[in-house]
Amino acid sequence: MKIIDAHIHFSDIETFHHTANELSRVDYSGKGLQKEMEEGDVEFAVGMGVTETPEMGFPDHHAASPMGLSLEKELPGRVAVCPGINPYQLGKSGLDALEKELKKQQVAGVKIYLGYYPYYAYEDVYQPVYDLAAAYDVPVVFHTGDTYSERGLLKYAHPLTLDEVAVLRRDVNFVMAHLGDPWVLTGAELVYKNPNLFADLSGWVVGTNETLAGKLKDNYFDHARHALTFCGHYEKLLFGTDWPLVPIKGYAEFIGDFIPSRHVENVFYNNALRVFPKLTNLR
């Protein structure tokens, strides 16, 4: 079965290098990504753009917007891009730059880092981004839940804050990254309620294949099983890994343990094609 990994990273971020070297033990490079995609039968991957600079690291208020995939000069094949948004750089030049990106075939969506930047999803600063997403028929992906930085502010990343923007902007499809983990039951309710709100199941674990196997042996993810059953809308859930936080194939097997067999093909492939229609351009 072919798979679409709807949430990876491919940016030159120090924490990603550290995670790959010390925690997940993956080869964080274009060659390493291509090898894992082949071994995991991944047809496409969607990379979430993010940048850090010497002033602050990430989240960096000084980073140019939109943020791209900067790990290597050349982007690996069959990898689409969701440029990241820095709300501090959303003047005319930043929005013009985003529109220029959205005209490219490989740009499949937009990524907003709630919690890393201190703005709620429904605030005015992001409305022009939603206007562009609607005009170019691409989804907006939100980081939700725990942040991979102690400087993040969780109140901005709580999934309940997406309800207002989902209702006010029915002209845009939104993806709640990580199903809002650890607030996955709240995330599940929002996906159930809002027809234009989807969720990816990435980033629940950081570590090796052995780490993943250990998590399945105890009750650590009972909250996630409850949430997915409560939501019931498997046609609105997308597989993603948050690579390089975990190996791709191992995480696919891990998430597969949560998905009823009749929904596997949709969660791992078909749903992503519906949410990210520009992926078909990568074939």
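Everything here concerns the structure above.
Residues numbered from 1 in each chain as written. Predicted model: local features only at pLDDT ≥ 70, side-chain atom pairs only at ≥ 80, totals over all residues. Heavy atoms only, no water.

1. A closer look at the layout of surface pockets
The condition is simple: A cavity, in this analysis, means grid points on a 1 Å lattice covering only the protein atoms where a 1.4 Å probe fits yet has no way out; a pocket is instead an open set bounded by protein on both sides within 12 Å along at least five of seven lines, and a residue lines either one if it has an atom within 4 Å of a point. Grid points are joined across faces, edges and corners, and a volume is the space filled by probe spheres set on the points. The residue classification treats Ala, Val, Leu, Ile, Met, Phe, Trp, Tyr, Cys and Pro as nonpolar and Asp, Glu, Lys and Arg as charged. All others, Gly included, are polar.
Reported here for the largest pocket is a volume of approximately 560 Å³. Lining the largest pocket are 31 residues, with Asp146, Thr147, Tyr148, Asp242 and Leu245 positioned closest to its centre. Here the lining of the largest pocket is composed, by residue class, of 13 nonpolar, 12 polar and 6 charged.

2. What about the packing of aromatic side chains?
Our working rule: In summary, the pairing rule links any two rings of Phe, Tyr or Trp, Trp by its six-membered ring, whose centres are within 6.5 Å, and it sorts them by plane angle into stacked for under 30 degrees, edge-to-face for over 60 and tilted for everything else. Look at NZ for Lys and CZ for Arg. If either is within 6 Å of the ring centre and within 35 degrees of the ring normal, a charge sits over the ring.
Tallied over the full model, the rule gives 21 aromatic pairs. Grouped by ring-pair contacts, the aromatic residues Trp204, Tyr220, Phe221, Phe239, Tyr251, Phe254, Phe258 and Phe268 constitute a single cluster. When the ring centre of Tyr220 is taken as origin, the NZ or CZ atom of Lys215, which lies over that ring, is 3.7 Å away. Seen from the ring of Phe258, Arg225 lies directly overhead, with NZ or CZ sitting 4.3 Å from the centre.

3. Quick look at the sheet that holds strand 7 (residues 174–176)
Quick note on the threshold: Each pair of strands is called paired provided DSSP finds at least two bridges between the two strands. The helix count covers DSSP runs of H or I at least four residues long, the strand count covers runs of E at least two residues long, and both are numbered beginning at the N terminus. The contact criterion used is simple: two residues touch if any of their non-hydrogen atoms lie within 4.5 Å. Here, axes are lines fitted to C-alpha atoms. For helices the fit covers the stretch in contact, and angles between N-to-C directions go from 0 to 180 degrees.
Ordered by their spatial adjacency, 6 strands build an open sheet running 4-5-6-7-8-9, and the pairing between neighbours is parallel. Edge positions in the sheet fall to strand 4 (84–85) and strand 9 (237–238), since each has one partner strand and no second. Looking at chain direction, strand 7 and strand 8 (residues 197–200) are connected through 3 bridges and run parallel. Looking at strand 8, one finds that Met176 is bridged to Ala199. Here helix 6 (residues 184–193) sits on the sheet in contact with strand 7 and strand 8, set at roughly 140° to strand 8.

4. Focus on the nonpolar core
Here is the rule: Here, nonpolar core means buried Ala, Val, Leu, Ile, Met, Phe, Trp, Tyr and Cys residues that are tied together by side-chain atoms lying within 4.5 Å of each other. Buried means the residue's accessible area, taken with a 1.4 Å probe over protein chains only, is under 20% of the maximum for its type, while exposed means over 50%, and partly exposed covers the values in between.
In this structure, Tyr130, Phe142, Leu179, Trp204, Ile259, Phe276 and Leu279 are the most contacted members of the largest nonpolar core, which totals 99 residues. Per-element tally for this core: the top contributor is helix 10 (residues 264–275), with 7 residues. When residues no more than four places from it in sequence are discounted, the contact partners of Phe142 are Lys111, Ile112, Leu114, Ala121, Tyr130, Leu162, Val165, Phe174, Val175, Met176 and Ala177.

5. What about the side chain of Asp242?
Rules: Neither His nor the chain termini are counted; the positive set is Lys and Arg, and the negative set is Asp and Glu. Put simply, a salt bridge is a Lys or Arg side-chain nitrogen that is within 4 Å of an Asp or Glu carboxyl oxygen. In protein, a polar contact means a hydrogen-donor-capable atom and an acceptor-capable atom, both N or O and within 3.5 Å, with residues adjacent in sequence counting only if both atoms are side-chain atoms; elsewhere, any N or O pair within 3.5 Å suffices.
By secondary structure assignment, the location of Asp242 is in the loop between strand 9 and helix 9 (248–256). No salt bridge is formed by the buried Asp242, whose closest oppositely charged neighbour, Lys111, lies at an N-O distance of 6.2 Å. At 3.0 Å, the side chain of Asp242 forms a polar contact with the side chain of His9. In contact with Asp242, other than residues within four places in its own chain, are His7, His9, His178, Ser202 and Gly203.

6. Side note on the sheet that holds strand 3 (residues 79–82)
One open sheet accounts for 3 strands, arranged 1-2-3; its pairing is parallel. In the strand order of this sheet, the two ends are held by strand 1 (3–8) and strand 3, each with one partner. Taken over all neighbouring pairs, the strand axes of this sheet differ in orientation by 20° on average, direction set aside. Of the strand pairs in this sheet, strand 1 and strand 2 (residues 42–48) are connected by 4 bridges, and their pairing is parallel. Within the sheet, the bridge partner assigned to Ile4 lies in strand 2 and is Phe44.

7. With respect to the side chain of His7
By secondary structure assignment, the location of His7 is in strand 1. Side-chain polar atoms of His7 contact the side chain of Asp200, separated by 3.0 Å. Those residues in contact with His7 that sit more than four places away from it in its chain are Val46, Met48, Lys111, Ala177, His178, Asp200, Ser202, Gly240, Thr241, Asp242 and Trp243.

8. Comments concerning the pattern of salt bridges
A complete count under the given rule lists 7 salt bridges for this structure. The closest approach of N and O atoms between Glu101 and Lys104, which form a salt bridge, is 2.8 Å. The partly exposed category is assigned to Lys104, whose relative accessible area is 33%. The partner of Arg169 in a salt bridge is Asp171, with the nearest N and O atoms 2.9 Å apart. With a relative accessible area of 10%, Arg169 lands in the buried category. Overlapping salt bridges bring together Asp131, Arg169 and Asp171 as one network.

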